Amino acid sequence: MRKEARKSAMPLLVLVLSCAAMLAGCANLPATTLYPYGDHATRILDLMTPVFWMAVGVFVVVQAALVYTVMRFRSRQVNAPVPTQVHGNTNIEIMWTIAPAIILLVISVLTFRTQAANSYQPPEAMKIRAISHQWWFEFQYDDGSIVTASDLYIPVGQSVQIQLEAADVMHNFWIPKLAGKTYMIPGKTNYLAFKANEAGIFRAFCAEFCGESHGNMRFRVIALDAAEFAKWKTNYATNPPTPSGTLQVIGLTGDAARGAAIFANAKKQCISCHIINGTEAKGKIGPNLTHYGSRQTIAAGVLPYSTENLAKWLHDPASVKPGNLMGRVIKKGMLSDQEIADLVAYLDGMKLAVNLPAEK
Ligand code: CUA
């Protein structure tokens, strides 16, 4: 009998141990909400923690009562008579009405407090406009005089206010370690204010299903110390010089000047969708590619930035990111390998010198 009991406890023990191992493994992953680096995310964790422990308390009390009842009142003999039937106990009913009411009241007070604090928009916050597209994020500073995509640069220790908009369908803006999810809705503007406490690169995501490549709609938040941020902004506002020189990629020698000519050639379609400040490229459909060589990722977080990955993207965008607009225009094989090498040399040549912080 004892052996049997030990046997049946085994799966439970395995489950508990594997859950513990999983939780330990979650420690400070790139997208965890349990290690906040900013005021907005900290307030959410400060709400989540007491609510979690209250739920644990309820779970333990209910399960203990259940187990006690099952053990204490189980049938001990075959053909036992039906036990005395009890219905209603005023004291217990009053207790189990009042106790949850108190718990819910505490949770709602904590929730309203967090909501009020997290929806406050400090007037001194630095304003940045974020526009979501299927499937990438655009960021505008200083009334649109600086436009970036996929990398959101912010200063450390200063509140930023993100003005959230959507160009096509509903998206959702989420930086797990810095700020909670906020909807981006076509025709309605939402505002999200937060502050990063430390320099770092933070993963961020679209958190609302928005079509085929929703899972490929990511961005990076790059929080820089105030001085470094100011330097980035000044440099970014300066038009990049036309790159020159060559670059070895996919076994070929790419030529930046030739790449610039290919990019500017209307027949190759690049300039119908993309802007590069200071050039003839003025297309507004796709991401602004000014200083493209400084990007952290390619295709809104699908591939880490590298010249090889950029060549892979230009070779066949549709296979890298299903459904994306560029894949409908630039089909596999439309650009020759030499043209791809030249374009990579050109795009990679536009790099800004930034002292990047570590990923958090
Ligand atoms: Cu945009 Cu999901």
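About the cut-offs
- Residues numbered from 1 in each chain as written.
- Predicted model: local features only at pLDDT ≥ 70, side-chain atom pairs only at ≥ 80, totals over all residues.
- Heavy atoms only, no water.
- Salt bridge = Lys/Arg side-chain N within 4 Å of Asp/Glu carboxyl O.
- Helix = DSSP H or I, 4+ residues; strand = E, 2+ residues; numbered from the N terminus.
- Buried < 20%, exposed > 50% of the residue type's maximum accessible area, 1.4 Å probe, protein only.
- Domains from an automatic or database assignment.
- Phe/Tyr/Trp six-rings, centres within 6.5 Å; stacked < 30°, edge-to-face > 60°.
- Lys NZ or Arg CZ within 6 Å of the ring centre and 35° of its normal.

(A) Up close: the pattern of salt bridges. Using the criterion set out here, one finds nine salt bridges in the structure. Among the salt bridges present, the one from Glu198 reaches Lys360, with a minimum N-O distance of 3.0 Å. Highlighted residues: Glu198 in the loop between β8 (190–194) and β9 (200–206) and Lys360 in the segment after α10 (337–349), separated in sequence by 162 residues. Taking the relative accessible area as the measure of exposure, Lys360 reaches 22% and is therefore partly exposed. With its nearest N and O atoms 2.6 Å apart, the salt bridge here joins Glu359 to Arg203. One end of the pair, Glu359, is in the segment after α10; the other, Arg203, is in strand β9, and 156 residues separate them in sequence. Residue class for Glu359 comes out partly exposed when judged on its relative accessible area of 41%.

(B) Quick look at the domain arrangement of the chain. Splitting the chain by domain gives domain 1 (2–71 + 89–119), domain 2 (126–237) and domain 3 (246–349). Summarising the inter-unit geometry, the C-alpha centres of domain 1 and domain 3 are found 49 Å apart.

(C) View of the packing of aromatic side chains. By the definition in use, this model includes 15 aromatic pairs. Judged by centre distance (6.1 Å) and plane angle (45°), the ring pair of Trp174 and Phe205 falls under tilted. A residue pair is termed long-range when its members are at least 10 positions apart, and Trp174 in strand β6 (residues 171–175) and Phe205 in strand β9 qualify at 31 residues. The class for Phe205 is partly exposed, based on a relative accessible area of 23%. Within the aromatic cluster, the residues linked to one another by ring pairs are Tyr141, Tyr153, Phe229, Trp232 and Tyr236. Residue placement shows Lys181 over the ring face of Trp174; its charged tip is 4.5 Å from the ring centre.

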